[in-house]
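Here are the chains, one letter per residue:
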Amino acid sequence: MKHSSRIHTVDIAIIGGGASGMAAAWFARRCSREYAPGLRIALLERNERLGKKLLSTGNGRCNLTNLDSNGTRFHGTDPSFTQTAFLQFPPLKIITLFEEMGVVCTVEDEQKVYPASLHASSVLDALRCALDESGIELFTGCKITSISKNGTVFSLAISSEETVSAKTVIVATGGMSAPATGSDGNGYKLLSHFSHRCTPTAPSLVQLTTDTSFVKPLSGHKIRGAVTLLFGNEPVRQEQGELLFTDYGLSGPPILQLSGHVSRALHIDHLSKPVTVVIDFLPGYTFDETRALLQKRKAAFAGRALEEFLTGLFQRRLAYGLLKKALGRPLSSGSADLSDQDITALVEVCKRLPIPVTGTKSFTQAQVTAGGIATADFNPATMASLNCPGLFACGELLDIDGDCGGFNLQWAWASGFLAGGSSVDYLQEKK
Ligand SMILES: Cc1cc2nc3c(=O)[nH]c(=O)nc-3n(C[C@H](O)[C@H](O)[C@H](O)COP(=O)(O)OP(=O)(O)OC[C@H]3O[C@@H](n4cnc5c(N)ncnc54)[C@H](O)[C@@H]3O)c2cc1C
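Residue indices follow the written sequence of each chain, beginning from 1 at its first position. The predicted nature of this model means local features are confined to residues of pLDDT at least 70 and side-chain atom pairs, given and counted, to a pLDDT of 80 or more, with totals for whole chains, interfaces and linings taken over all residues. By convention in this description, side-chain values take in all heavy atoms of the structure and omit both hydrogens and water.

Visitor: Outline the site of the ligand, listing residues and values.
Guide: The nearness test applies per residue and asks whether one of its heavy atoms lies within 4 Å of the molecule or strand. With respect to spatial proximity, 35 residues lie near the ligand, and among them Glu45, Gly58, Asn186, Glu396 and Leu409 are the closest. In protein, a polar contact means a hydrogen-donor-capable atom and an acceptor-capable atom, both N or O and within 3.5 Å, with residues adjacent in sequence counting only if both atoms are side-chain atoms; elsewhere, any N or O pair within 3.5 Å suffices. Glutamate 396 has a polar side-chain atom sitting 2.7 Å from an oxygen atom of the ligand. Note that an oxygen atom of the ligand is positioned 3.4 Å from one of the backbone N or O atoms of glycine 406. All accessible areas in this document rest on Shrake-Rupley with a 1.4 Å probe, and a residue is counted as covered only by the protein chains that are shown. With the chains in place, 94% of the 1000 Å² that the ligand exposes on its own is no longer accessible. In terms of residue count, the dominant contributor to the shell around the ligand is helix α11 (residues 407–430) (four residues). A breakdown of the residues in the shell around the ligand according to their chemical character gives 11 nonpolar, 19 polar and five charged. A helix here means a DSSP run of H or I that spans at least four residues, while a strand means a run of E at least two residues long, and both kinds are numbered starting from the N terminus. Put simply, Ala, Val, Leu, Ile, Met, Phe, Trp, Tyr, Cys and Pro go in the nonpolar bin, Asp, Glu, Lys and Arg in the charged bin, and everything else, Gly too, in the polar bin.

Here is the structure:
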């Protein structure tokens with residue numbers, strides 16, 4: 001029996017209802033309202049609901065942009081690819097556009113912008129309302145497995161019986177991070193059909209696996225400290241903040257910030273040098289000040305058991321771990337027995353404890369993907385494909401990733417808005 005097939009004809013089809021896809025759909029309508037009000041815009045999402053990943057961003061609070069979104073915060077083969085998108089859609093413009101959708105924003109530490117509700121769901125709900133009010137046609141529960149182009153018309157199969165036919169297509173399928181949310185890297189294959197190249201990918205903003213001898217006994221413990229990443233003896237980047245010890249290695253915001261460098265070095269560049277994270281447990285003290293502090297404690301607490309020597313300066317478990325590491329002997333004697341050499345060893349572990357890095361956790365735990373669709377094949381001013389007229393891409397799918405702190409959503413929104421607006425311009429030029 002022959003199946004009857006149904007064709008939905010639209011002007012703009014957007015594949016992927018995550019941050020960048022929703023931004024593209026809404027902005028395309030916003031741009032078309034004045035001079036092309038009748039444009040049909042469809043948003044196609046494989047999940048039953050839009051924006052699954054968005055709900056888990058910023059620990060459920062959605063750090064939606066960062067006021068300090070300068071070029072150094074973005075990585076990839078050519079981070080300058082972001083320039084036009086960020087010139088047109090800087091963080092303040094993103095905030096204004098979200099306000100237009102009904103989201104009230106607040107700025108917290110380190111220029112991080114959140115919804116004032118401090119709930120990611122309020123950002124997603126406002127986006128969904130705005131898309132609904134804009135008359136965007138929503139197709140959920142449909143995974144696009146191929147894009148074909150016949151003449152000037154794209155064809156996307158949304159089921160065995162239904163096809164979406166579109167004059168332009170925006171691919172916004174995300175990268176490979178947190179694949180349970182729907183972004184599993186399948187978009188790379190969709191674009192390869194149009195000869196788009198994909199650079200090697202690696203998980204970023206992800207926990208580091210390390211030698212566990214020091215960290216495992218401290219699993220679950222959080223401290224504030226400074227961490228320096230070394231490739232061989234060469235410092236690569238330093239970060240400060242709250243570190244988390246785990247039974248496999250290290251986590252916490254400063255570690256996530258360093259992780260992109262580690263991931264690229266180990267998984268993409270196959271660096272042969274050792275990778276080390278050096279922890280400074282007393283970043284507020286110089287080496288000399290630390291020595292003076294410890295000498296003072298020795299004088300004040302001469303009667304204390306050695307294993308209690310650092311108690312009060314650090315949480316007990318960490319204090320014990322640092323003493324064991326520095327002295328390498330049973331801690332059964334008293335603090336008065338500490339020699340000058342012992343104090344030197346203690347200063348060293350408190351200020352410069354090296355932890356050998358063995359790798360990173362996987363894409364399942366990663367917040368973002370380093371690498372992706374080569375930006376060299378796209379026009380940064382429009383997000384249009386250089387290989388196929390009428391095709392656009394945006395978001396994490398492309399070889400751009402940002403630091404932790406709202407930078408990845410800044411890229412998703414800015415590139416999405418730009419792609420949405422450019423697709424409308426493209427249709428107008430074709431008229
Ligand atoms: C736990 C976590 C916390 C994070 N927190 C922050 C934060 O606070 N601030 C920040 O800036 N960034 C954060 N990020 C990163 C940020 O969420 C992403 O960079 C951003 O969501 C990327 O947007 P996107 O639209 O490109 O991709 P995604 O949000 O991944 O959306 C892609 C969409 O496409 C759909 N899709 C994929 N393939 C198909 C297909 N073939 N057909 C149809 N649909 C398809 C997917 O289901 C998905 O809904 C976080 C990420 C994670 C995992």
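Visitor: Provide a residue-level description of a nonpolar patch on the surface, including the pertinent values.
Guide: A cluster of nonpolar side chains, contributed by Leu67, Leu92 and Val107, occupies part of the molecular surface with about 260 Å² of accessible area. Inspection of the secondary structure assignment puts leucine 67 in the loop between β3 (65–66) and β4 (74–75). Exposure classes here rest on a 1.4 Å probe applied to the protein chains alone. A residue is buried below 20% of its type maximum, exposed above 50%, and partly exposed in between. You can call leucine 67 partly exposed: its relative accessible area is 33%. Exposure above 30% relative accessible area and the lack of any salt bridge qualify a residue for a patch; like charges then connect within 9 Å, and the nonpolar side chains Val, Leu, Ile, Met, Phe, Trp and Tyr within 5 Å. Salt bridge criterion: a side-chain nitrogen from Lys or Arg within 4 Å of a carboxyl oxygen from Asp or Glu.

Visitor: Mind laying out the sheet that holds strand β12 (residues 208–210), listing which residues take part and the relevant values?
Guide: In this scheme, strands are said to pair when DSSP sees at least two bridges between them. Taking strand neighbours around the barrel as the criterion, the six strands line up as β12-β15-β14-β13-β16-β17 in a closed arrangement whose pairing is antiparallel. Averaged over all pairs of adjacent strands, the angle between their axes in this sheet comes to 45 degrees, without regard to strand direction. The sheet contact formed by β12 and strand β15 (residues 249–251) spans two bridges and is antiparallel. Across the sheet, the residue bridging to threonine 209 is glycine 249, located in β15. Any two residues having at least one pair of non-hydrogen atoms within 4.5 Å are treated as being in contact. Between N-to-C directions, angles span 0 to 180 degrees; the directions come from axes that are lines fitted to C-alpha atoms, helices contributing only their stretch in contact. Taken strand by strand, helix α7 (residues 253–268) contacts β12, β13 (222–231), β14 (234–245), β15, β16 (275–280) and β17 (353–360), and its axis lies near 135 degrees from that of β14. Packing against the sheet, helix α10 (residues 340–351) makes contact with β16 and β17, and its axis sits at approximately 110 degrees to β16.

Visitor: Describe helix α5 (residues 120–133), and please don't skip the residues or the numbers.
Guide: For α5, spanning 14 residues, the distance from its first C-alpha to its last is 20 Å, which sits close to the expected 20 Å at 1.5 Å a residue. Along its buried surface, α5 packs onto α1 (19–35), β2 (41–45), α2 (52–56), α4 (91–101), β6 (112–115) and α11. Positive phi shows up at glycine 135, right after α5, with a value of about 70 degrees. Expected span of a helix, by definition, is 1.5 Å for each gap between consecutive residues, and there is one gap fewer than residues.

Visitor: Give me the lowdown on the sheet that holds strand β5 (residues 105–107), citing residues and values where you can.
Guide: Strand order in the open sheet formed by three strands is β3-β6-β5, and the pairing between neighbours is antiparallel. A strand with exactly one partner marks an edge of an open sheet, and here the two such strands are β3 and β5. Pairing between β3 and β6: two bridges, direction antiparallel. By the bridge assignment for β6, threonine 65 is matched with valine 113.

Visitor: Tell me about the packing of helix α8 (residues 287–300) against α10, and name the residues and values.
Guide: In the contact formed by α8 and α10, the axes pass within 10 Å of each other and the chain directions differ by 130 degrees. Considering their axes alone, α8 and α10 lie oblique with respect to each other. The hand of the α8/α10 crossing is right-handed. On α10, the residues touching Phe287, Thr290, Arg291, Leu294 and Gln295 of α8 are Asp340, Ile343, Thr344, Leu346, Val347, Glu348, Cys350 and Lys351. When the residues that make up the contact of α8 with α10 are grouped by side-chain class, the tally is six nonpolar, three polar and four charged. An angle counts as roughly parallel when it lies under 35 degrees, as roughly antiparallel when it exceeds 145, as roughly perpendicular when it falls between 65 and 115, and as oblique in every other case. In this scheme, a crossing is called left-handed if the near helix is turned counterclockwise away from the far one by less than a right angle; it is called right-handed if the turn is clockwise.

Visitor: A description of the packing of aromatic side chains should follow, citing residues and the corresponding values.
Guide: Each Phe, Tyr or Trp ring, with Trp reduced to its six-membered ring, pairs with another whose centre is within 6.5 Å; inter-plane angles below 30 degrees give stacked pairs, above 60 give edge-to-face pairs, and intermediate values give tilted ones. Counted according to the given criterion, the structure contains 15 aromatic pairs. Here the aromatic rings of phenylalanine 214 and phenylalanine 245 are separated by 6.2 Å at their centres, their planes lie at 70 degrees, and the arrangement is edge-to-face. With phenylalanine 214 in the loop between β12 and β13 and phenylalanine 245 in strand β14, the pair connects residues that are 31 residues apart, well separated along the chain. In this pair, the class of phenylalanine 214 matches that of phenylalanine 245, namely buried. Note on phenylalanine 392 and tyrosine 426: the rings are 6.1 Å apart at their centroids and 80 degrees apart in plane angle, and the pair reads as edge-to-face. Placement of phenylalanine 392 in strand β21 (residues 391–393) and of tyrosine 426 in helix α11 is noted, with a sequence separation of 34 residues between them.

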